[in-house]
Amino acid sequence: MKSHYRVVVIGGGVVGASVLYHLAKLGWRDVCLLERSVLTAGSSWHAAGGIHALNADPNIAQLQAYTIDLLSEIEEESGQNIGLHMTGGLTMAGTPDRWEWLQSAYRTFQSIGIHDCRLVSVEEAVDLNPIMSGEGLLGGMWADREGYIDTTGTVHAYAGAAKKRGAEVIEHNRVLELNQTLQGWEVVTEKGTVSCEHVVNAAGLWAKQVGRMAGIELPVSPLNHHYLISDTIPALEELDFEVPMTVDLEGFTYLRQDQKGVLLGIYEIDHQHWMMDGAPWEYGFELQQEDPDRIEHELTLGFERYPCLQEVGVKTWVNGAFTFSPDGNPLVGPVPGKRGYWSACAVMAGFLQGGGVGKSLAEWIIHGAPEADVYGMDVARYGTWAENKQYIKETTGQFYTRRFVMTYPNEQLPAGRPLKTAGAYADMTAAGCQWGQSWDLEVPLYFAGPGFEETPSLKRSNAHDIVAEECKVVRERVGLLDITGFSRFEVTGPNAEGWLNRIMASTLPEPGRARLAPMLAEDGRLKGDLTIFNWGDGTWWIMGSYYLRAWHMRWFNDHMEDGVTLRDLGEDTAGFSLAGPAARRVIEKLTDGRVGDLPFMGCGAFDIGLLRCKVGRLSVAGELGYEIHCRAGDHATLRRSLLEAGAGDGIREYGFNALLSLRLEKSFGIWNAEFTQGYTPGMTGMDRWIDWDKSFIGKAAALAERDGNGPAQVQVTLEIDAEGADASGYEPIWSEGQQVGFVTSGGYGHTIGKSLAMALINVDKAAAGTDVSVHVVGVERSARVIPASPYDPGGKVMRA
Ligand SMILES: Cc1cc2nc3c(=O)[nH]c(=O)nc-3n(C[C@H](O)[C@H](O)[C@H](O)COP(=O)(O)OP(=O)(O)OC[C@H]3O[C@@H](n4cnc5c(N)ncnc54)[C@H](O)[C@@H]3O)c2cc1C
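Calculation notes
- Counting restarts for each chain, with residues numbered from 1 along the sequence as it is written.
- Local features in this predicted model are restricted to residues of pLDDT 70 or higher, and side-chain atom pairs are both shown and tallied only at a pLDDT of 80 or more, whereas totals for entire chains, interfaces and linings draw on every residue.
- The side-chain values count all of the structure's non-hydrogen atoms but skip hydrogen atoms and water molecules.
- For helices the rule is a DSSP run of H or I covering at least 4 residues; for strands it is a run of E covering at least 2, with both sets numbered from the N terminus onward.
- Taken over C-alpha atoms, the radius of gyration is set against a globule rule of 2.2 Å times the number of residues to the power 0.38.
- Here the term buried applies to any residue with accessible area under 20% of the maximum for its type, exposed to any over 50%, and partly exposed to those in between, with areas from a 1.4 Å probe on protein chains only.
- Contacts are assigned to residue pairs with any non-hydrogen atoms lying within 4.5 Å of each other.
- In this description, accessible areas are obtained by the Shrake-Rupley approach with a 1.4 Å probe, and a residue is regarded as covered only by the protein chains that are shown.
- Positive: Lys, Arg. Negative: Asp, Glu. His and the chain ends are not part of the count.
- Charged side chains are reduced to one point each, which is NZ for Lys, CZ for Arg, CG for Asp and CD for Glu.
- A helix is expected to span 1.5 Å multiplied by its residue count minus one.
- Pairing between strands requires that DSSP locate at least two bridges from one strand to the other.
- Whether two aromatic rings pair depends on their centres lying within 6.5 Å, for rings of Phe, Tyr and Trp, where Trp uses its six-membered ring; planes under 30 degrees apart make the pair stacked, over 60 edge-to-face, and the rest tilted.
- Whether a charge sits over a ring comes down to the Lys NZ or Arg CZ being within 6 Å of the ring centre and within 35 degrees of the ring normal.
- Note on terminology: a nonpolar core comprises buried Ala, Val, Leu, Ile, Met, Phe, Trp, Tyr and Cys residues joined through side-chain atoms within 4.5 Å.
- To obtain each axis, a line is fitted to C-alpha atoms, and for helices this fit is confined to the stretch in contact; angles are then taken between N-to-C directions over 0 to 180 degrees.
- Orientation labels follow simple angle bins: below 35 degrees gives roughly parallel, above 145 gives roughly antiparallel, 65 to 115 gives roughly perpendicular, and whatever is left gives oblique.
- Ten residue types, Ala, Val, Leu, Ile, Met, Phe, Trp, Tyr, Cys and Pro, are classed as nonpolar, four, Asp, Glu, Lys and Arg, as charged, and the remainder, Gly among them, as polar.
- Each reported salt bridge corresponds to a side-chain nitrogen of Lys or Arg within 4 Å of a carboxyl oxygen of Asp or Glu.
- Near, as used in this document, describes a residue that has one of its heavy atoms within 4 Å of the molecule or strand being considered.
- Pairs of N or O atoms within 3.5 Å make up the polar contacts considered here, provided that, within protein, one atom can donate a hydrogen while the other can accept it, and that residues adjacent in sequence are counted only when both atoms are side-chain atoms.
- UniProt positions are given in the numbering used here, feature names are shortened, and annotations may be inferred rather than shown by experiment.

Peer 1: Explain the overall build of the chain here, please?
Peer 2: Along the backbone of the chain there are 19 helices and 37 strands. Over its C-alpha trace the chain gives a radius of gyration of 27 Å, about what one expects of a compact globule, namely 28 Å for 800 residues. Residues classed as buried in the chain amount to 62% of the 800 residues present. Long-range contacts, defined as pairs at least 24 residues apart, comprise 72% of the intrachain contacts of the chain with a sequence gap of at least 6. With the model as given, the accessible surface of the chain reaches about 29000 Å², and the carbon-plus-sulfur share is 49%. Each charge class in the chain can be summarised by its mean position, and for the 68 positive and 103 negative side chains these summaries are 7 Å apart.

Quick look at the structure:
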């Protein structure tokens, strides 16, 4: 062991080994991996080794596909056999909704370029896996690149390939302590102290403790997981091929062949956490006692699905732990506030995600950003509220239990809720508010009568008409929306304007005005679709998506300059938005009248009833509208004042479901749909806000896009001949049998009475009037490109 490395990776499981390999592959040789025991001594040695392509998050599915392709590469490079059995895989659906979901998931795969899968009938599936009973199944999906690997061999292959490229692997050396230094980190180990610029926490079952060594509480917990390996099955002895990796979603099991028997893994409904504060240091190659009683129901389903299991015994039981984050996705990337400390934790499926995690993290450390849009696994998608143990317990448990349970897009899950509520929460609940969750905060979805329950659905739900009514109120009278769920950052100090000018690609607003501002990364891709407010007194605000608060804060801090004070107002500020033709009349009743003179995109401080508020004249709904911001404690008072003032104009509260429909009718994009860190200004139309005459972060790359060949795909609005269901995102768009784009978001435009979508489409298909087709919940529908903003295309209403 040397006394200094550029990077020290803590943990010799599949994830740490993959991070090390990718660092070396990208050219950093001065890197080492420290392992407490021997390689694989955490959860990696006892994994089932299954690799399969399906993931609900398309970006993560792509990283899984990358990992699967990488496996044979590392085998060849290292010379270490990884026991790869590419048997192909089946994912089976056992309810009509699940079968519909699988058909639309298949289309999503086409959208993201995964083409080696196909839908299969039950008969075909049973031919492919003859030991499976087709009883109760409705259909399935076949994927070529699925199967299983030898887990120990795979970890050694990553490590061996890394060593061949110059990286070091040091076993039997536990990291005891981490101390931050000016240059990076001091890593105190059993065999001495090393310094490094970057430290990577890939400690798997011990991630919690290795986080705490740096004062970090990672939202991660281990849970136990069972699989069994059967004795030899005579039917398998007769086959001249291996049965495919098979997931029976409604049966909570996955199965793969293991020699002439099978391995049957179970996602237990009755989940069990294990060592929430991390595994004991002496833990290694032990397992937990199996608990067949706890999994009796799932086992019965498994033995019915594979009747041959009823004829043979169980050779081995495995009940071991692996780690989960609240949403089940990994926690990867630079930990906010801890320069040089990187997380590669909570990787639930290390053998199918580890390659993608290693690649992205190595790119991040070396190039400053990963190539792929990895927001879905970014450690900064959580805030400090997620450090709470009960929150972690409830959410990881919910994820585990529901691992194979279908979650509908309109379904609200209960774990860890309600957490943060705005001041008017109780009053709004009494008024019938149905709540969703954004980050830690309860946000209004819509308002329904007593006893209303929304039916989980892949299609339009029984809340459709309620949302229609709310949209009508906003378009025809005036609606009130709780906008506590927007982020607000305050920027002050002598260099506030200079700093904002550098990090935002747009011109900054004049005093008393607000302006839309794209923020770009150095490589020219989007980092934010923000709104800047110049309050005219030296104070500026940046407003954006609430759930990106920690993610944006990390970016701002990484690009901070002297003379700037930045404050996240998210805990101190709340607000309401007033939108609709009567909005001005309502707000004027509560103030001295000057607020009515605010021009479109104007802003200022005003008395609103008894409160002193900041007001901006803008509206995501595309109406005459005002966003009114108050102190968090004034929220209920502000709501009451506005409702009373609007009573004569028929004011009604509405929720974000209506707002999503209203903004679609205006072709207003939103983050994580039309705008992501994978897209560029040219693709998304954000370039129209760029001030090309000034310098800003990402300008060279943005110029290269502008002055080069331009983007291959651009953003358009579509009208879809859909019935009873709308597009939601990632549906493929077809023209003459070719895939020419994909939907970024969709929904029903209640005012114009049409199913709408926004989409990225090949430039030659982007003209209004172009006929295309789109798969909506698995069914192909005709559609056409329409001019942007089907409602009030000239924006006259908004500017009235
Ligand atoms: C029963 C079961 C079945 C599974 N099946 C599959 C499957 O089919 N497919 C799949 O992809 N995944 C599967 N998994 C999950 C998989 O095992 C994990 O995703 C994977 O092992 C995580 O790897 P890791 O490197 O993050 O963590 P770990 O394997 O836990 O590795 C962490 C390493 O860090 C070391 N370490 C910790 N602290 C220190 C320290 N202070 N100093 C030095 N070293 C330290 C540990 O000794 C350990 O070796 C399964 C898991 C279980 C339990």
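Having put the structure on the table, let's press on.
Peer 1: Help me out: how do you make sense of helix α16 (residues 635-646) in this one?
Peer 2: The α-helix advances 3.6 residues per turn, and as a result positions three or four apart in sequence lie on the same side. Given a rise of 1.5 Å per residue, 12 residues ought to cover 16 Å, and the 17 Å separating the end C-alpha atoms of α16 matches this to within 8%. Burial in α16 covers these residues: His 635, Ala 636, Leu 638, Arg 639, Ser 641, Leu 642, Ala 645 and Gly 646.

Peer 1: Quick question: what am I supposed to make of the pairing of strand β32 (residues 713-720) here?
Peer 2: A large share of β32 lies buried, amounting to 8 of its 8 residues. Sheet analysis places β32 next to strand β35 (residues 754-762), joined by 8 bridges and oriented antiparallel. Considered in β35, the bridge of Glu 719 is made with Leu 756.

Peer 1: Is there a simple way to think about the packing of aromatic side chains in this case?
Peer 2: Each aromatic ring pair is specified by the distance between its two centres and by the angle formed by the two planes. According to the stated counting rule, one finds 28 aromatic pairs in the structure shown. Consider the rings of Phe 489 and Phe 556, whose centres lie 5.1 Å apart with planes at 85 degrees: the pair is edge-to-face. Of this pair, Phe 489 sits in strand β22 (residues 486-492) while Phe 556 sits in helix α14 (residues 549-558), placing them 67 residues apart in sequence. Both residues of the pair, Phe 489 and Phe 556, belong to the buried class. Aromatic rings pair up to connect Tyr 254, Tyr 267, Phe 322, Phe 324, Phe 399, Tyr 400 and Phe 404 into one cluster. The lysine or arginine in question, Arg 6, covers the ring of Trp 28, its NZ or CZ lying 3.7 Å from the ring centre. It is Arg 706 that lies over the ring of Trp 692; its NZ or CZ is 4.6 Å from the centre.

Peer 1: What is the right way to read the nonpolar core from this model?
Peer 2: Nonpolar side chains tend to gather and get buried jointly when the protein is soluble and globular. Within the largest apolar cluster, 71 residues are counted, with the highest numbers of intra-cluster contacts made by Val 8, Leu 178, Val 187, Val 199, Tyr 341, Phe 533 and Tyr 654. Each residue touching Val 187, except ones within four places of it in the same chain, is listed here: Val 8, Leu 34, Val 175, Glu 177, Leu 178, Gly 192, Thr 193, Val 194, Cys 196 and Val 199. With 66 residues, the next largest nonpolar core counts Ile 74, Leu 223, Tyr 227 and Phe 324 among its residues.

Peer 1: Help me understand the packing of helix α2 (residues 58-78) against helix α9 (residues 350-367) in this model?
Peer 2: A pair of packed helices is characterised by two quantities: the angle between their axes and the separation of those axes. Orientation of α2 relative to α9, taken along the N-to-C sense of each, is 100 degrees, at an axis distance of 7 Å. Looking at the two axes, α2 sits roughly perpendicular to α9. For the pair α2 and α9, contact is made by Ile 60, Leu 63, Gln 64, Tyr 66, Thr 67 and Leu 70 and by Phe 351, Leu 352, Gln 353, Gly 354, Gly 355, Gly 356, Lys 359 and Ser 360, respectively. For the contact of α2 with α9, the residue count by class is 6 nonpolar, 7 polar and 1 charged.

Peer 1: Looking at this structure, I do not really get the pattern of salt bridges. What am I missing?
Peer 2: In a structure, side chains of opposite charge can pair up when their charged atoms sit close to one another. Per the stated rule, a full pass over the model turns up 47 salt bridges. In this structure, Lys 25 engages Glu 73 in a salt bridge whose closest nitrogen and oxygen atoms are separated by 3.4 Å. Within this pair, whereas Lys 25 is found in helix α1 (residues 14-25), its partner Glu 73 is found in helix α2, the two being separated by 48 residues in sequence. Three or more residues joined by partner-sharing salt bridges are found here, namely Lys 208, Arg 212, Glu 217, Asp 277 and Lys 389.

Peer 1: Just checking my understanding: could you explain unusual backbone geometry for this structure?
Peer 2: Most peptide bonds are trans, and most residues other than glycine sit at a negative phi. Cis rather than trans, the peptide bond between Arg 417 and Pro 418 has omega equal to -10 degrees. Within the fold, Pro 418 resides in the loop between α10 (389-401) and α11 (425-430). We note that Asn 672 has phi near 75 degrees; this positive angle belongs to a residue other than glycine. Secondary-structure assignment places Asn 672 in the loop between α17 (656-665) and α18 (681-684). The phi dihedral of Asp 792 is positive, around 45 degrees, even though this residue is not glycine.

Peer 1: In this structure, what is going on with the environment of Met 213? I would like to understand it.
Peer 2: Within the secondary structure layout, Met 213 lies in the loop between α6 (207-212) and β12 (221-230). Through-space distance from the C-alpha of Met 213 to that of Leu 176 is 8.0 Å; in sequence the pair is 37 residues apart. Those residues in contact with Met 213 that sit more than four places away from it in its chain are Val 175, Leu 176, Glu 177, Leu 178 and Trp 281.

Peer 1: In this structure, what is going on with the site of the ligand? I would like to understand it.
Peer 2: In the vicinity of the ligand lie 41 residues, with Glu 35, Ser 44, Gly 50, Val 347 and Gly 350 positioned nearest. For the ligand, a nitrogen atom lies 2.9 Å from a polar atom in the backbone of Ala 48. At 2.9 Å from a nitrogen atom of the ligand is found a main-chain nitrogen or oxygen belonging to Val 175. Relative to its free-state accessible area of 1000 Å², the ligand is covered by the protein chains to the extent of 98%. When contributions to the shell around the ligand are tallied by element, the ones reaching two or more residues are α1, β12, β16 (314-324) and α9.

Peer 1: When you look at the environment of Asp 97 in this model, what are you seeing that I'm missing?
Peer 2: Its place among the elements puts Asp 97 in helix α3 (residues 96-111). Between the C-alpha atoms of Asp 97 and Gly 625, which are 528 residues apart in sequence, the distance is 40 Å. In this view, Asp 97 contacts Met 406, Tyr 408 and Leu 458; residues no more than four positions away in its chain are not counted.

Peer 1: Is there a simple way to explain the sheet that holds strand β13 (residues 245-248) in this structure?
Peer 2: Within a sheet, adjacent strands bond to each other through the backbone by hydrogen bonds, running parallel or antiparallel. Taken together, the 8 strands give an open sheet; going across it, the order is β5-β6-β4-β13-β14-β15-β12-β16, and neighbouring strands pair in mixed fashion. Single-partner strands in this sheet number two, and they are β5 (117-120) and β16. Between one strand axis and the next, the sheet turns by 20 degrees as a mean value, whatever way the strands run. Inspection of the sheet shows strand β4 (residues 89-93) paired to strand β6 (residues 139-143) by 5 bridges, in the antiparallel sense. Looking across to β6, one finds that Ala 93 is bridged to Gly 139. α3 rests against β4, β5 and β6 of the sheet, and its axis sits at about 155 degrees to β5. Against the sheet, α10 engages β12, β15 (261-266) and β16, with an angle of about 25 degrees to β12.

Peer 1: For this particular structure, what's the right way to read the UniProt feature "domain: Aminomethyltransferase C-terminal" (unreviewed entry) in the chain?
Peer 2: Sites flagged by UniProt as "domain: Aminomethyltransferase C-terminal" (unreviewed entry) map to residues 715-792. End C-alpha to end C-alpha, residues 715-792 measures 19 Å, and it is 0% helix and 58% strand.

Peer 1: It is not clear to me how the sheet that holds β22 should be interpreted in this structure. Could you clarify?
Peer 2: If you trace the 5 strands from one edge of the open sheet to the other, you get β23-β24-β25-β22-β26, paired in antiparallel fashion. In this open sheet, the two edge strands, each paired with only one partner strand, are β23 (513-520) and β26 (565-568). Neighbour-to-neighbour, the strand axes of this sheet turn through a mean angle of 25 degrees, independent of strand direction. One ladder, built from 6 bridges, connects β22 with strand β25 (residues 540-545); its direction is antiparallel. Its bridge partner lying in β25, Phe 489 is registered against Ile 542.

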